[in-house]
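Structural overview
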Amino acid sequence: MCVSKTHIFVVYLCYVAVCLQVGQYIGEICRYLLAQPAGPFDRQHRVRVMFGNGLRPQIWNEFKERFGIERIGEFYGATEGNANICKWTLGQIT
């Protein structure tokens, strides 16, 4: 299935986030979502925690606020490595 960036969050909500409270992102997907006009589906989900890599500090807080995400965990480490480093925060990213 091919999904445009305009509809990716709606598709995510319909097929995944209805049941789950944890989401995963990679690369620039969060920036792509923020670039879309705000809509009625932005907070109609159960996701409370997201984790992944590549979320820029400049958009971290805006992403949390707009989509109602309580916690975001950024991890670093290659899939073939034997360890990862995670950064969890409850407060604002500066």
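Below or above, wherever it landed, is the structure these notes cover. (Residues numbered from 1 in each chain as written. Predicted model: local features only at pLDDT ≥ 70, side-chain atom pairs only at ≥ 80, totals over all residues. Heavy atoms only, no water.)

1. Regarding the packing of aromatic side chains
Here is the rule we go by: Planes of paired rings set the category: under 30 degrees apart is stacked, over 60 is edge-to-face and the rest tilted, where pairs are Phe, Tyr or Trp rings (Trp by its six-membered ring) whose centres lie within 6.5 Å. Counting from the N terminus, the helices are DSSP H or I runs at least four residues long and the strands are E runs at least two residues long. Any residue under 20% of the maximum accessible area for its type is buried, any over 50% is exposed, and the rest in between are partly exposed; the area is computed with a 1.4 Å probe on protein chains only.
Evaluated as defined, the whole model comprises one aromatic pair. Ring geometry for Phe 63 against Phe 67: centres 4.9 Å apart, planes inclined by 45°, an arrangement best described as tilted. Of this pair, Phe 63 and Phe 67 both sit in helix α3 (residues 57-67), four residues apart, which is roughly one turn of the helix. For the pair shown, Phe 63 and Phe 67 are each scored as buried.

2. So, the pairing of strand β1 (residues 22-26)
Definition in use: Pairing between two strands is assigned when DSSP locates at least 2 bridges connecting them. Every crossover in which the path from the first strand over the helix to the second runs clockwise, viewed with the strands pointing away from the viewer, is termed right-handed.
Of the two faces of β1, only one is covered, namely that formed by Gly 23 and Tyr 25; the face formed by Val 22, Gln 24 and Ile 26 stays uncovered. Taken together, the five bridges between β1 and strand β2 (residues 49-53) define a ladder with parallel strand orientation. Within the sheet, the bridge partner assigned to Val 22 lies in β2 and is Val 49. Handedness of the crossover joining β1 and β2 through helix α2 (residues 29-35): right-handed.

3. Side note on the environment of Phe 51
Topologically, Phe 51 is positioned in strand β2. Sequence separation between Phe 51 and Val 22 is 29 residues; the distance between their C-alpha atoms is 7.8 Å.

4. Details of the nonpolar core
What counts is decided by this rule: Buried Ala, Val, Leu, Ile, Met, Phe, Trp, Tyr and Cys residues that are joined via side-chain atoms within 4.5 Å together make up what is termed a nonpolar core. Every residue pair with non-hydrogen atoms within 4.5 Å of one another is taken to be in contact.
Core analysis: the biggest nonpolar cluster contains 13 residues, and Leu 55, Phe 63, Ile 69 and Ile 72 have the highest contact counts within it. For this core, the secondary-structure elements that each account for two or more residues are α2 and α3. Other than its neighbours up to four places away in sequence, Phe 63 contacts Cys 30, Leu 33, Leu 34, Met 50, Gly 68, Ile 69 and Ile 72.

5. Some remarks on the pattern of salt bridges
What counts is decided by this rule: By salt bridge we mean one thing: a side-chain nitrogen of Lys or Arg within 4 Å of a carboxyl oxygen of Asp or Glu.
Inspection of the entire model under this criterion finds four salt bridges. Between Glu 28 and Arg 56 there is a salt bridge whose closest N-O contact spans 3.2 Å. Within this pair, whereas Glu 28 is found in the loop between β1 and α2, its partner Arg 56 is found in the loop between β2 and α3, the two being separated by 28 residues in sequence. Residue classification places Arg 56 among the partly exposed residues on the basis of a relative accessible area of 40%. With a closest N to O distance of 2.8 Å, Arg 66 and Asp 42 form a salt bridge.

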